[in-house]
Amino acid sequence: MIFVWLAVAAAVVGLDQWTKYLTVLKLKPVGDVPLIEGWLHLDYVENTGAAFGMLKNQRWLFLVLTTVVVLAMLAYLILKRKTIHPFLASGIAMIIGGGIGNQIDRIARGYVVDMIYVKIIDFAVFNVADSFVCIGAAILCIYVLFLYKEPDKTETSKKDEMTDAH
């Protein structure tokens, strides 16, 4: 199953980089294109901060932090590959893919290309990678709140007692 989750992460990276390529190629020269006037626009932005423009000009912090988080999640996915819940694994894969997608931009450009602007609520301009990181984080929250079950402690203690008896 690990290959499925790695494929999900790779697909997120591919989709993110493809949309950013098109954004630089087609949107950068014009700046802003309304998809639904006053509601949803494509708007070329060079983001030197984190998701949604937070913590501007902290490139090295994000390079290090993103690398650590992506590697930790990748290690968790690999180590738990036989027992991980598929819903949780899909969320982790989305976060990994989104993190790598934005990391590519930070390394190659020194900033992250953003383009999706929900104008009706004046929300920060974001990109496909940001979207997948947020969706993945929401999946993690849903998993922890509604799906995760503590291991049965009576079963664990019975196994420990049997091991101690031998």
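The shown structure was predicted, so the numbers you read here are calculated from the model rather than taken from an experiment.

Observations regarding the pairing of strand β2 (residues 40-47)
Working step 1: Of the strand pairs in this sheet, strand β1 (residues 32-36) and β2 are connected by 4 bridges, and their pairing is antiparallel. Within β2, the residue paired with I36 across the bridge is L40.

Points about the packing of aromatic side chains
Working step 1: Inspection of every chain in the model, using the stated rule, returns 2 aromatic pairs.
Working step 2: One residue, R59, lies across the ring of W60, its end atom 5.4 Å from the ring centre.

Here we look at the nonpolar core
Working step 1: Counting residues in hydrophobic clusters, the biggest one holds 14 residues, and the most contacted among them are L77, I84, I92 and I96.
Working step 2: Within the residue set of this core, elements represented by two or more residues are α1 (2-27), α2 (59-79) and α3 (86-108).
Working step 3: The element that contributes the greatest number of residues to this core is α3, accounting for 6 residues.
Working step 4: Not counting residues up to four positions away in its chain, the partners in contact with L77 are I2, W5, I84, A89, I92 and I96.

Focus: the side chain of D105
Working step 1: Inspection of the secondary structure assignment puts D105 in helix α3.
Working step 2: Discounting residues that sit within four places of it in the chain, D105 has contacts with Q17, K20, G110, Y111, V112 and V113.

How each quantity is defined
- Throughout, a residue's number is its position along its own chain's written sequence, starting from 1.
- Whole-chain, interface and lining totals are the exception, using all residues; otherwise, since this is a predicted model, local features are given only for residues with pLDDT of at least 70 and side-chain atom pairs are given and counted only at 80 or more.
- Note that water and hydrogens are dropped before the side-chain values are worked out from all heavy atoms of the structure.
- Here, a strand pair is defined by DSSP locating no fewer than two bridges between the strands.
- A helix here means a DSSP run of H or I that spans at least four residues, while a strand means a run of E at least two residues long, and both kinds are numbered starting from the N terminus.
- Two rings from Phe, Tyr or Trp (for Trp, the six-membered ring) form a pair when their centres sit within 6.5 Å of each other. Planes less than 30 degrees apart are called stacked, planes more than 60 degrees apart edge-to-face, and all others tilted.
- Whether a charge sits over a ring comes down to the Lys NZ or Arg CZ being within 6 Å of the ring centre and within 35 degrees of the ring normal.
- Residue types Ala, Val, Leu, Ile, Met, Phe, Trp, Tyr and Cys, when buried and joined through side-chain atoms within 4.5 Å, form a set referred to as a nonpolar core.
- For the exposure calls, accessible area comes from a 1.4 Å probe over protein chains only, and a residue counts as buried if that area is under 20% of its type's maximum, exposed if over 50%, partly exposed in between.
- Every residue pair with non-hydrogen atoms within 4.5 Å of one another is taken to be in contact.

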